[in-house]
Amino acid sequence: MMVAELICVGTEILLGNIVNTNAAYLAEQCASLGISCYYQTVVGDNRERLLEAISLAKSRADLLIFSGGLGPTEDDLTRETTAEAFNRPLLMDEHTKSRIEAYFKNRYKDQEIPENNWRQAMVPEGAVVLDNENGTAPGLIVEDDGKTAILLPGPPNELKPMFSEQVVPYLRKRQGHVIRSKTAKLCGIGESAAEEMIKDLIDAQENPTIATYAKTGEVHIRITAKAKEKHEADELIKPVMKELKNRFGSCIYTTKEDVTLEQSCVEILMENKLTISTMESCTGGMVAARLTNVPGVSQVFKAGYVTYSPDAKRKILGVKKSTLKKETAVSPRVAKEMVKGAVLLLKTDVALSVTGLAGPDGGSKDKPIGLVYIACRVKDKTRVMEYHFSGSRAKIREAAAAAALTFLRQCLWNDVKSSPQKNKS
């Protein structure tokens, strides 16, 4: 079994100036490839500390995966320091040099190439060069005495395609077996409840393996199988996925890696030729933003309003003044009146509203911070749900947006997806 260690290089990560999304991506990719990852290291732009990190990683891992530090400036030290740690001299790679020349010529025409960019064409002797289709810094693979270093550029839009298109095939060849995985994405159920429902499967797992992952408002269950051939691994996954579908039913909104919760909602709307509008208060347009991330959503999404103040709810959506006075803006009645007003205003088949208290101030004993009401109207049927979220203002708003999409999907599934009319279309 191959063991990897991730080494992310950059003082900006240590200072918190950027979020280390590369580590999350690479860790997930290693897991899907069946590569164990026991340690992750973040080190600043410092030669001595980077050498120390490499030495330690070599003592406990077969595979060292680096991100960052391959740029043209003096503080980009990964290439030089790794070459030193692996006892390799740096040599000019003419292939990379010509690619850098072409990159600048295509983008900057007559601009002279800065001298320091040629540092990126210096590679450790004997290294495998990974062409960078989205930047100037090539990736590198250095092998020595049973240890392998894979150096990747820091920008995610360069690292991710390089890893998926060039590194993954390289690693698969080295393993001698195929790792396949498939994910069931669930909404409307918590991680602990989901895990309890499949505890017997987890306890009995060998090949394939099963693991649960909590996301905001979702639970993902990943099934991973190992076999000599791709089709053999897929066959191992099939019965487990079938059992998950039997146990979770409509809570599984997709088994496709690239489908999001909002996309699954939009697909149901499109299939049934339904239009939708959103009316948001505490989420401030977050639900509409997620829906409009889906390509082609213009076919079904008419409008989204942020009616943040009580006055806006009354004037735009027709929420009754008496309702606001008696029950306040955070109430099930207001949530219902918001979707009713949306349907009258925009004539959509579906309307979704969110109203709540995101904090940090404004709560009371009867209406605490984190109290959120979400209403969904599908044609002539309106449902409203009460939620209680905790955490920071940002976390509450994010959780409320995820809950709104989950509730939308549940309502669509109950009123449209499983109806006889859907089967006729």
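Here the structure is shown first, and the text comes after it.
**A look at the overall build of the chain**
In terms of helices and strands, the chain carries 16 helices and 17 strands. Expressed along its principal axes, the backbone C-alpha trace of the chain runs to roughly 80 × 55 × 45 Å. Excluding contacts between residues fewer than 6 apart, the proportion of contacts in the chain whose partners are at least 24 apart in sequence is 68%. Of the roughly 21,000 Å² of accessible surface on the chain, a fraction of 49% belongs to carbon and sulfur atoms.

**Some thoughts on the sheet that holds strand β15 (residues 350-356)**
Strand pairing within a sheet occurs via backbone hydrogen bonds; the two strands may be parallel or antiparallel. The strand order β14-β13-β15-β16-β17 describes an open sheet built from 5 strands, whose pairing is mixed. Edge positions in the open sheet fall to β14 (301-306) and β17 (381-388), since each of these has one partner strand only. Between one strand axis and the next, the sheet turns by 10 degrees as a mean value, whatever way the strands run. With 7 bridges joining them, β15 and strand β16 (residues 371-378) adopt antiparallel strand pairing.

**Details of the pairing of strand β7 (residues 139-144)**
In terms of strand pairing, strand β6 (residues 128-130) meets β7 through 3 bridges, oriented antiparallel. For Val 129, the partnering residue across the bridge sits in β7 and is Leu 140. Taken together, the 5 bridges between β7 and strand β8 (residues 147-152) define a ladder with antiparallel strand orientation. Considered in β8, the bridge of Glu 143 is made with Thr 148. In this structure, the hairpin formed by β7 and β8 is closed by a connection of 2 residues, where Asp 145 is found at a positive phi of approximately 50 degrees.

**Notes on the packing of helix α10 (residues 261-271) against helix α15 (residues 393-417)**
Closest axis-to-axis distance for the α10/α15 pair is 9 Å, and the angle between their directions is 30 degrees. Taken together, the axes of α10 and α15 lie roughly parallel to each other. Judged by the twist between their axes, the crossing of α10 over α15 is left-handed. Together, Leu 261, Glu 262, Ser 264, Cys 265, Ile 268, Leu 269 and Glu 271 of α10 and Ala 402, Leu 405, Thr 406, Leu 408, Arg 409, Leu 412, Trp 413 and Lys 417 of α15 make up the contact between the two elements. Looking at side-chain class alone, the contact of α10 with α15 contains 9 nonpolar, 2 polar and 4 charged residues.

**Some details on the side chain of Asp 131**
Examined against the element boundaries, Asp 131 turns out to sit in the loop between β6 and β7. A distance of 2.9 Å separates the side chain of Asp 131 from the side chain of His 95, its partner in a polar contact. With residues up to four places along the chain from it excluded, the contact list for Asp 131 reads His 95, Arg 99, Met 162 and Gln 166.

**Side note on the sheet that holds strand β11 (residues 218-227)**
The sheet built from 4 strands is open, its strands ordered β10-β11-β9-β12 with antiparallel pairing. Only two strands of the sheet have a single partner each, and these edge strands are β10 (209-215) and β12 (252-254). When strand polarity is set aside, the average angle formed by the axes of neighbouring strands in this sheet is 35 degrees. Note: strand β9 (residues 178-187) against β12, 2 bridges, orientation antiparallel. Looking across to β12, one finds that Lys 185 is bridged to Thr 254.

**Comments concerning the pattern of salt bridges**
When charged atoms on two side chains of opposite charge get close, those side chains can pair. On inspection of all chains with the given rule, the structure shows 20 salt bridges. For the salt bridge of Glu 48 with Arg 47, the shortest nitrogen-to-oxygen distance reads 3.0 Å. Exposure remark for Arg 47: the relative accessible area of 35% places this residue in the partly exposed category. Its salt-bridge partner being Arg 99, residue Glu 133 comes within 3.5 Å of it at the nearest N-O pair. On the criterion of sequence distance, the pair formed by Glu 133 in the loop between β6 and β7 and Arg 99 in helix α5 (residues 94-108) is long-range, its members being 34 residues apart. The class for Glu 133 is exposed, based on a relative accessible area of 54%. Arg 99 sits in the partly exposed class, given a relative accessible area of 28%. The network of salt bridges with common partners includes Glu 28, Arg 222 and Glu 257.

**Observations regarding the packing of aromatic side chains**
According to the stated counting rule, one finds 3 aromatic pairs in the structure shown. With a centroid separation of 6.1 Å and 80 degrees between ring planes, the pair formed by Tyr 25 and Phe 163 is classed as edge-to-face. With a gap of 138 residues between them, Tyr 25 in helix α2 (residues 21-32) and Phe 163 in helix α6 (residues 156-175) connect regions that are remote in the sequence. As far as burial versus exposure is concerned, Tyr 25 and Phe 163 are alike and both buried. An angle of 10 degrees between the planes, with centres 5.7 Å apart, marks the rings of Tyr 387 and Phe 389 as stacked. Exposure remark for Phe 389: the relative accessible area of 18% places this residue in the buried category. One cation-aromatic arrangement involves Arg 60 over Tyr 39; the distance from NZ or CZ to the ring centre is 3.6 Å.

**Considerations on the nonpolar core**
By size, the foremost hydrophobic cluster in this structure holds 39 residues, and its most contacted members are Val 350, Ile 374 and Leu 408. Breaking this core down by element, the ones donating at least two residues are α10, α11 (286-291), β15, β16 and α15. Here the element with the most residues in this core is α15; it accounts for 12 residues. Contacts of Val 350, omitting those with residues within four sequence positions, involve Leu 269, Leu 274, Thr 275, Ile 276, Ser 277, Cys 376, Arg 377, Val 378, Leu 408 and Leu 412. Grouped together as the second largest cluster of nonpolar side chains are 21 residues, Leu 33, Ile 35, Leu 63 and Ile 141 included.

**Things to note about a positive patch on the surface**
Taken together, Lys 320, Arg 333, Lys 336 and Lys 340 make up a surface patch of like positive charges. The topology assignment puts Lys 320 in the loop between α12 (310-317) and α13 (321-327).

Calculation notes
Per chain, residues are indexed from 1 in the order of the written sequence. A pLDDT threshold of at least 70 governs which residues receive local features in this predicted model, and a stricter bar of 80 or more applies before side-chain atom pairs are shown or counted, although totals over entire chains, interfaces and linings include all residues. The side-chain values count all of the structure's non-hydrogen atoms but skip hydrogen atoms and water molecules. Where helices and strands are cited, they refer to DSSP runs of H or I of at least four residues and of E of at least two residues respectively, numbered from the N terminus. It only takes one pair of heavy atoms within 4.5 Å for two residues to be counted as in contact. The protein chains shown are the only cover counted for residues, whose accessible areas, like all others here, come from Shrake-Rupley with a 1.4 Å probe. At least two DSSP bridges between two strands are needed for those strands to be called paired. For helices, the fitted axis covers only the stretch in contact; all axes are lines through C-alpha atoms, and the angles between them, taken along N-to-C directions, range from 0 to 180 degrees. For classification, angles of less than 35 degrees are called roughly parallel, those exceeding 145 degrees roughly antiparallel, those between 65 and 115 degrees roughly perpendicular, and all remaining angles oblique. Should the near helix be turned anticlockwise from the far one by less than a right angle, the crossing is left-handed, and should it be turned clockwise, the crossing is right-handed. Each residue receives one of three labels: charged for Asp, Glu, Lys and Arg, nonpolar for Ala, Val, Leu, Ile, Met, Phe, Trp, Tyr, Cys and Pro, and polar for the others, Gly being one of them. Definition of a polar contact: a pair of N or O atoms within 3.5 Å, with one able to donate and the other able to accept a hydrogen when the atoms are protein atoms, and with sequence-neighbouring residues admitted only if both atoms are side-chain atoms. Only one rule defines a salt bridge in this text: a Lys or Arg side-chain nitrogen within 4 Å of an Asp or Glu carboxyl oxygen. Three exposure classes are used, based on accessible area relative to the maximum for each residue type with a 1.4 Å probe and protein chains only: buried under 20%, partly exposed in between, and exposed over 50%. Between rings of Phe, Tyr and Trp, where Trp is taken as its six-membered ring, a pair exists when centres lie within 6.5 Å; planes separated by under 30 degrees are stacked, by over 60 edge-to-face, and by other angles tilted. Remark: a charge is flagged as sitting over a ring if the NZ atom of Lys or the CZ atom of Arg is within 6 Å of the ring centre and within 35 degrees of the ring normal. In plain words, nonpolar cores are sets of buried Ala, Val, Leu, Ile, Met, Phe, Trp, Tyr and Cys residues tied together by side-chain atoms within 4.5 Å. For patch building, the residue pool is restricted to those with more than 30% relative accessible area and no salt bridge; the joining distance is 9 Å between like charges and 5 Å between nonpolar side chains (Val, Leu, Ile, Met, Phe, Trp, Tyr). Positive charges are assigned to Lys and Arg, negative charges to Asp and Glu, while His and the chain termini are left out of the count. The atoms used to mark charge sites are NZ of Lys, CZ of Arg, CG of Asp and CD of Glu.

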